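# Reading the structure
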Amino acid sequence: MKTALITGASRGIGRAIAIRLSQDGYSVAINYKKSKDAAQDVKKQIEELGGKAEIFCADVSDNKQVEKMMKDVIACFGGIDVLVNNAGIALPQGLFTDFDDLTAKNVFDTNVFGTMNCARAVIPYFVSKKSGKIINISSIWGICGGSCEVIYSASKGAIVAFTKALSKELAPSGICVNCIAPGLIETDMNKNLSDDDKKEFAEGISLGRVGKAEEVAETIAFLASDASSYINGQTISVDGGMI
Ligand code: NAD
């Protein structure tokens, strides 16, 4: 049985990925930072569907916590095959000059260094078995850049470049690194957007609607599977077709 660790999996896109990968037969390691009850709820749902899951607490921006989590996951399931770096934070919309450097640093600590910490912790294990998949979550703003989302866009752009560079470094070891760039997806991250905001945004999407977490999870399931064996270093947009 293969094992997948999904960071920030207590809700939203991470939760959908955890449930989707369990349906493909993965044992699922559900990482959470604070929301133990919500993480337990994801585990319960996976078990009710006949799957296997455990919860692991760690702040991905803290390297020591991440190293411990990775050891615990490997000890619990006897290995790890897929890492999905999903945990991320956004800021309220605002001009770049409205945010101080500490605020920007917090975003980079989670979105960029959190992704790097988890990758760094799993790579020695993947190299030793000459296989493994790392899937990072960027954002459409990491590709296009979003006005009033400058810091978030910069952090997500870093993930695209990190993916591309790391994929080249790890390919000789049989490890694939890819990335997903979701568009606007209906989750708590966007709960501050009004219906009018979403409607306006949807006018710039060829499919004319915002996306669902489950639709992102489908692409993750493909990248985690053997069906994507010749895809490496790519960022795949799951955004309904931005106009
Ligand atoms: P969300 O806010 O619902 O979920 C994010 C999860 O990450 C939460 O469970 C949160 O607790 C966790 N998290 C945050 N900081 C953490 C940390 N330091 N350590 C461990 N966990 C941490 O958001 P979501 O919409 O589900 O977003 C998931 C990912 O998708 C994020 O990386 C986000 O940037 C990205 N994304 C989301 C959208 C969207 O429209 N929802 C679009 C593009 C990209």
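For the structure itself, look to the data block above.
## Notes on the nonpolar core
Core analysis: the largest hydrophobic core is formed by 32 residues, its most contacted members being Ile-6, Ile-17, Leu-21, Ile-30 and Val-84. The element contributing the most residues to this core is helix α8 (residues 213-224), with seven residues. Residues within four places of Ile-17 in sequence aside, it is in contact with Ile-6, Val-84, Asn-86, Ile-137, Ala-217 and Ile-220.

## Section: the sheet that holds strand β7 (residues 235-238)
Overall, parallel pairing links the seven strands, which are arranged β3-β2-β1-β4-β5-β6-β7 in an open sheet. Because the sheet does not close on itself, it has two edges, and the strands there are β3 (52-57) and β7. On average, each strand axis in the sheet is inclined to that of its neighbour by 20°, with strand direction left out of account. The sheet contact formed by strand β4 (residues 82-85) and strand β5 (residues 132-137) spans four bridges and is parallel. Its bridge partner being in β5, Val-84 is matched across the sheet by Ile-135. The sheet strands contacting helix α2 (residues 36-48) are β2 (27-32) and β3, and the helix crosses β3 at an angle near 170°.

## A few points about the environment of Lys-71
Turning to its location among the elements, Lys-71 is positioned in helix α3 (residues 63-77). The sequence separation of Lys-71 and Ala-90 amounts to 19 residues, and the corresponding C-alpha distance is 29 Å.

## Brief notes about the site of the ligand
Around the ligand, the structure places 28 residues, and the nearest of them are Arg-11, Ile-13, Asn-86, Tyr-152 and Thr-187. Ser-10 places a polar side-chain atom, nitrogen or oxygen, 3.4 Å from an oxygen atom of the ligand. Ile-13 is positioned such that a nitrogen or oxygen atom in its backbone is 2.8 Å from an oxygen atom of the ligand. In the complex, the protein chains occlude 94% of the 820 Å² of accessible area that the ligand would expose alone. Secondary-structure elements contributing two or more residues to the shell around the ligand are α1 (12-23) and α6 (150-170).

## Regarding the packing of aromatic side chains
The full count for this structure, using the stated rule, is two aromatic pairs. Arranged with centres 5.9 Å apart and planes meeting at 90°, the rings of Trp-141 and Phe-201 form a pair that is edge-to-face. In this pair, Trp-141 sits in helix α5 (residues 140-144) while Phe-201 sits in helix α7 (residues 195-202), placing the two residues 60 residues apart along the sequence. You can call Phe-201 partly exposed: its relative accessible area is 23%.

## Description of the side chain of Asn-86
For Asn-86, the location among the structural elements is in the loop between β4 and α4 (101-129). Among the polar contacts listed, one links the side chain of Asn-86 to the backbone oxygen of Gly-8, at a separation of 3.1 Å. What Asn-86 contacts, discounting residues up to four positions off in sequence, is Ile-6, Thr-7, Gly-8, Ile-13, Gly-14, Ile-17 and Ile-137.

Criteria and cut-off values
- Residues numbered from 1 in each chain as written.
- Predicted model: local features only at pLDDT ≥ 70, side-chain atom pairs only at ≥ 80, totals over all residues.
- Heavy atoms only, no water.
- Core = buried A, V, L, I, M, F, W, Y, C linked by side-chain atoms within 4.5 Å.
- Buried < 20%, exposed > 50% of the residue type's maximum accessible area, 1.4 Å probe, protein only.
- Helix = DSSP H or I, 4+ residues; strand = E, 2+ residues; numbered from the N terminus.
- Contact = heavy atoms within 4.5 Å.
- Pairing = 2+ DSSP bridges.
- Axes fitted to C-alpha atoms, helices over the stretch in contact; angles between N-to-C directions.
- Near = heavy atom within 4 Å.
- Polar contact = N/O pair within 3.5 Å; in protein donor to acceptor, adjacent residues only side chain to side chain.
- Areas by Shrake-Rupley, 256 points an atom, 1.4 Å probe, with all protein chains shown as cover.
- Phe/Tyr/Trp six-rings, centres within 6.5 Å; stacked < 30°, edge-to-face > 60°.

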